[in-house]
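# Chains, contacts and geometry: an overview
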Amino acid sequence: IPVRLPVLVSVDDDAAPPTVDDAPQLMPTPANDVVRISVAGSSSLEIIDVNGRVVLRGNLIVGSNEIDVADLVQGAYYARIITPVRSSTLPFVVRR
């Protein structure tokens, strides 16, 4: 069963407000080696540690994306998902 996490969304003034269907989803948390991120449109991804350092960058395609987090140390992270009109930040935990 997917777990919905709180999503922090910043929206451009001219953009349509996000809907539940547009909101990115991340699972599982805690994660071990892989997280899955589902998005409604092509997006950029930044994985950020608790010190604010970007530890991983990539691109997401429409639908479900598997992100390898096996090289990340155990702890808390944020997945920042950036589209041309909005940015969402989803917290997650890597635990082994």
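Summary of the structure given here. Please read all numbers here as calculations on a predicted model, not as lab measurements. Residue indices begin from 1 for each chain and proceed along its sequence in written order. Only residues with pLDDT of 70 or above have their local features reported here, since the model is predicted, and side-chain atom pairs are shown and tallied only from 80 upward, although totals for entire chains, interfaces and linings are computed over all residues. Based on all heavy atoms of the structure, the side-chain values leave hydrogens and waters out of the count.

### Let's talk about unusual backbone geometry
Of the consecutive residues Met27 and Pro28, the connecting peptide bond is found in the cis state with omega at -10 degrees. The helix count covers DSSP runs of H or I at least four residues long, the strand count covers runs of E at least two residues long, and both are numbered beginning at the N terminus. Along the chain, Pro28 falls in the loop between strand 2 (25-27) and strand 3 (34-39). Omega for the peptide link from Thr29 to Pro30 comes to 5 degrees, which places this bond in the cis form. Assignment of secondary structure puts Pro30 in the loop between strand 2 and strand 3.

### Observations concerning the environment of Ala76
Relative to the elements of secondary structure, Ala76 occurs in strand 7 (residues 75-82). Between the alpha carbons of Ala76 and Thr29 there is a distance of 9.9 Å; along the sequence they are 47 residues apart.

### Some points on the pattern of salt bridges
The term salt bridge refers to a pairing of a side-chain nitrogen on Lys or Arg with a carboxyl oxygen on Asp or Glu at a separation within 4 Å. Following the criterion strictly, the structure yields four salt bridges and no others. Salt-bridge contacts for Glu46 lead to Arg57; the nearest nitrogen and oxygen are separated by 3.6 Å. Taken together, the positions of Glu46 in strand 4 (residues 43-49) and Arg57 in strand 5 (residues 54-60) put the pair 11 residues apart, joining distant regions of the chain. Look at Glu46 and you get buried, because its relative accessible area is 14%. A 1.4 Å probe rolled over the protein chains alone gives each residue an accessible area, and that area as a share of the maximum for its type sets the label: buried under 20%, exposed over 50%, partly exposed in between. Owing to a relative accessible area of 61%, Arg57 belongs among the exposed residues under this scheme. Salt-bridge contacts for Asp49 lead to Arg53; the nearest nitrogen and oxygen are separated by 2.9 Å. Residue classification places Asp49 among the buried residues on the basis of a relative accessible area of 8%.

### Some remarks on the sheet that holds strand 2
By this definition, two strands are paired if DSSP reports at least two bridges between them. Spatial strand order, 2-3-6: three strands in an open sheet with antiparallel pairing. Whereas interior strands pair on both sides, the edge strands pair on one side only; in this sheet they are strand 2 and strand 6 (63-68). Across this sheet, the average inter-strand angle for adjacent strands is 20 degrees, counted without regard to direction. Sheet topology note: the strand 2/strand 3 ladder contains three bridges and is antiparallel. Across the sheet, the residue bridging to Met27 is Arg36, located in strand 3. Every axis corresponds to a line fitted to the C-alpha atoms, with the helix fit spanning only the stretch in contact, and the corresponding angles, defined between N-to-C directions, vary from 0 to 180 degrees.

None of the figures reported here should be taken as evidence of function without further support.
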